[in-house]
Amino acid sequence: MTEEKVITEDTTPLVIQQLRDKFGDGLLSDAEAKDGVVVVVKKDNLYPLLEYLKTDLAYSMLVDITAVDNSNLEEELIKYDYARFMVVYHLYTFEGETPRLRVKVPVNDQNLNVPSVINLWKGANWLERETYDMFGIEFDGHPNLTRILMPNEFDGHPLRKDYPLRGRGERERFNFDKQNA
Amino acid sequence: MGLDNNNIQSGVSTDQSDGNIITTTIDKVVNWGRKNSLWPMPFGTACCAIEMMATLASKYDLSRFGSEAIRFSPRQSDLLIVSGRISIKMMPVLKRIYDQMPDPKWVISMGACASCGGVFDTYTLIQGVDQFLPVDVYIPGCPPRPEDLIDAVMQVQRQIQKGELPKGVEAAP
């Protein structure tokens, strides 16, 4: 028992230990990457975990929110119960040994809703809009979840793997004049 | 008094004792003035704009050709330089800027992206601004060197001096 504890203290970063203690089964996996710590969390535990990271563990900076479409990655799909998307939160702290932390949450194609984290980081506003625009992830509680990069009339979400590189004729049709009319 | 069609000095007479007289037509004088005072409206969206800035700066010095008065208001300019890639979201903005420019107006499509989409054959990028703007001069290159932009401006000047109408006027009903 004591021997095992010594080993975990040597190898596992403190953040992972704290998250394991607090969320237990809520964590699907955790790992150390080259640039920091990666935590995969269940969707129900996402907001509490991010809140805990910000308020108690001083991850005060939200670097980025994005998503990954795992349609073509069979092993990732199998690992996370065939959840198509992975929403990724990059966090940064100015204290502690592991400044960079990545939180991932698997999102199913049938239920694309994820809680918005604007209440924690104001900067999440545009990042969530971008993720919505590019992947179609819906952020519950977002005050203005509209497209930010593509025109409002645009159909589809371009960074999804099933979206063709040359589009579906949007660039040939040019019916985006209305917004300036 | 022989009329030289290619020159502003259409005829020179030294018959008069009180000095030289130059004869020409009003169109040629107007075109001559117009070509040497082109006021460009820069529409820089990418790396071509960096080359455009270099063209305007002291080393390449576009003011030698009378085009140094860059106006960021389309209402005061008569030469639109589209330098960079144009997305479908940017297209209405560019069209509106072109529409605000007073006639006569010329358009230079600078670089591969503005002319044909360049390497960006993607869902969001317009494959050439000539799909919605009447382009007078295209510049190849990725990005073109400042000499290429100077050459394009001189080509516009030659068109003006010849009395050719800009593409936008020809296209208008």
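Thresholds, definitions, all that
Residues numbered from 1 in each chain as written. Chains lettered and ligands numbered in written order. Predicted model: local features only at pLDDT ≥ 70, side-chain atom pairs only at ≥ 80, totals over all residues. Heavy atoms only, no water. Helix = DSSP H or I, 4+ residues; strand = E, 2+ residues; numbered from the N terminus. Buried < 20%, exposed > 50% of the residue type's maximum accessible area, 1.4 Å probe, protein only. Contact = heavy atoms within 4.5 Å. Polar contact = N/O pair within 3.5 Å; in protein donor to acceptor, adjacent residues only side chain to side chain. Pairing = 2+ DSSP bridges. Axes fitted to C-alpha atoms, helices over the stretch in contact; angles between N-to-C directions. Phe/Tyr/Trp six-rings, centres within 6.5 Å; stacked < 30°, edge-to-face > 60°.

Q: Help me understand the environment of Asp136 of chain B, please; the structure alone is not making it clear to me.
A: Residue and element names in this part refer to chain B. Within the secondary structure, Asp136 sits in the loop between α4 (111-116) and β6 (137-139). By relative accessible area, Asp136 is classed as buried at 8%. With near-sequence residues (within four places) excluded, Asp136 lies in contact with Lys105, Trp106, Val107, Gln159, Pro166 and Lys167. Within the structure, the side chain of Asp136 is placed 2.8 Å from the backbone nitrogen of Lys167, a separation counted as a polar contact.

Q: Please explain the sheet that holds strand β5 (residues 100-107) of chain A as it appears in this structure.
A: Pairing between the strands of a sheet is mediated by backbone hydrogen bonds and can be parallel or antiparallel. Residues and elements named next belong to chain A. Read from one edge to the other, the open sheet built from five strands follows the order β1-β2-β5-β4-β3, with strand pairing classed as mixed. Every other strand in the sheet has two partners, leaving β1 (27-33) and β3 (61-69) as the edge strands with one partner each. Sheet twist, expressed as the mean angle between neighbouring strand axes with direction ignored, is 20 degrees. Pairing between β1 and strand β2 (residues 36-41): six bridges, direction antiparallel. Across the sheet, Ala31 pairs through a bridge with Val38, a residue of β2. Across the face of the sheet, helix α2 (residues 14-23) comes into contact with β1, β2 and β5 while running at roughly 175 degrees to β1. Relative to the sheet, helix α5 (residues 124-135) contacts β3 and β4 (85-92), its axis offset from that of β3 by approximately 5 degrees.

Q: Explain the environment of Ile16 of chain A here, please?
A: All names here are of chain A. Mapped onto the secondary structure, Ile16 falls in helix α2. Residue Ile16 is classed as buried on the basis of its relative accessible area, which comes to 2%. With 154 residues separating them in the primary sequence, Ile16 and Glu170 have C-alpha atoms 45 Å apart. Excluding residues that lie within four positions of it along the chain, Ile16 makes contacts with Asp30, Ala31 and Val37.

Q: How do you make sense of the packing of aromatic side chains when you look at a structure like this?
A: Think of a pair of aromatic rings as described by two things: how far the centres are apart, and how the planes are tilted against each other in angle. Applying the stated criterion across every chain yields a total of six aromatic pairs over all chains. Aromatic side chains Phe154 of chain A and Tyr163 of chain A sit 6.2 Å apart centroid to centroid with 40 degrees between the ring planes, which places their arrangement in the tilted category. Look at Phe154 of chain A and you get buried, because its relative accessible area is 3%. Note on Tyr163 of chain A and Tyr123 of chain B: the rings are 5.4 Å apart at their centroids and 85 degrees apart in plane angle, and the pair reads as edge-to-face.

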